[in-house]
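Given next are the chains, with one letter for each unit.
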Amino acid sequence: LAVQGQSVKALLKDGDKRYEAKEYESALKIYQEGVNLHPDDARLNFKTGLTYLSLPNKSESLRYLQKAFAIDPSVDENLYYYLGLSYQSNRQYESAEEFFSEAKKRNKKIADQVDKKIRQVQFADSLTRIPTNVVVENIGKELNSSFHEYSPLVSADGNTIIFTSNRPDESVKGNPRLTFEDIYISKKNGGIWSLPKKIL
């Protein structure tokens, strides 16, 4: 991707186009090159951090979101929420709760979503204070996505799972991370989970 010499505006336009098309790896390359060329631009740092939150290595988002916050805390109306997600990904639960709480004050529209995130980090923080000998395994690509999946309920025979996710739905406008969540169901057949279907 040739971005050398592009203006901040052009870089943001190119990166945003790919981000909106869910081409997160391509968007990330453009935003990161932008940060290399314009390291003190709050928007490029913010967009780099935001894109990392859509990729498996979410923890990498923190340094970019922190820098965006240091340069211009008003760079995005939901910066506090995204910083909360980033701190949560980095297992810094107290900081995550602080930013989620501030996000709730600043944007009442996402209060319900933020309340769930606060409960998650409080629970996670409590678990870190009680050491246990467990193994946490990713259940597999059939169920897990780059979006959030939580509150799973598994049937007694272990062959049906119902969970909540904010994965995209083409019928919903706006940012799926903030605007909606749905309940999905999947069934295991021969040891393999089916693709989740939304419960209507």
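Everything discussed here concerns the structure shown above.
Residues numbered from 1 in each chain as written. Predicted model: local features only at pLDDT ≥ 70, side-chain atom pairs only at ≥ 80, totals over all residues. Heavy atoms only, no water.

Digging into the pattern of salt bridges
Summed over all chains, the structure comprises nine salt bridges. We note a salt bridge from Asp41 to Arg43, for which the minimum N-O separation is 3.2 Å. Overall, the relative accessible area of 13% leaves Asp41 in the buried class. Asp125 is the partner of Arg129 in a salt bridge, and the nearest nitrogen-oxygen pair spans 2.8 Å. The exposure class assigned to Arg129 is exposed, which follows from its relative accessible area of 55%. One network of salt bridges, in which partners are shared, links Glu94, Asp125 and Arg129. (Salt bridge = Lys/Arg side-chain N within 4 Å of Asp/Glu carboxyl O. Buried < 20%, exposed > 50% of the residue type's maximum accessible area, 1.4 Å probe, protein only.)

Observations regarding the side chain of Asp41
With respect to the helices and strands, Asp41 occurs in the loop between α2 (24-37) and α3 (42-52). A distance of 2.9 Å separates the side chain of Asp41 from the backbone nitrogen of Leu44, its partner in a polar contact. (Helix = DSSP H or I, 4+ residues; strand = E, 2+ residues; numbered from the N terminus. Polar contact = N/O pair within 3.5 Å; in protein donor to acceptor, adjacent residues only side chain to side chain.)

A word on α2
A rise of 1.5 Å per residue sets the reference length of α2, with its 14 residues, at 20 Å; its end C-alpha atoms lie 20 Å apart and thus fit the reference within 8%. Turning to α2, its buried residues number three or more, namely Tyr24, Ala27, Leu28, Ile30, Tyr31, Gly34 and Val35. The buried residues of α2 occupy an angular sector of 165° when projected down its axis, which confines them to one face. Every exposed residue of α2 that faces more than 90 degrees away from the buried side is listed here: Glu25, Lys29 and Asn36. The inward-facing, buried residues of α2 contact α1 (8-20), α3 and α4 (61-71). (Expected span 1.5 Å × (residues − 1). Arc of directions from axis to C-beta. Contact = heavy atoms within 4.5 Å.)

What about the packing of α1 against α2?
Taken N-terminus to C-terminus, the directions of α1 and α2 make an angle of 160°; their axes are 7 Å apart at the nearest point. What the angle tells us is that α1 and α2 run roughly antiparallel. Two packed elements cross with a definite hand, and for α1 against α2 that hand is left-handed. Only Tyr24, Ser26, Ala27, Ile30, Tyr31, Gly34 and Leu37 of α2 make contact with α1, whose side of the interface consists of Leu11, Leu12, Asp14, Gly15, Asp16, Arg18 and Tyr19. Residues of the contact of α1 with α2, tallied by class, amount to eight nonpolar, three polar and three charged. (Axes fitted to C-alpha atoms, helices over the stretch in contact; angles between N-to-C directions. Parallel < 35°, antiparallel > 145°, perpendicular 65-115°, else oblique. Left-handed = near helix turned anticlockwise from the far one by under 90°. Nonpolar A, V, L, I, M, F, W, Y, C, P; charged D, E, K, R; others polar.)

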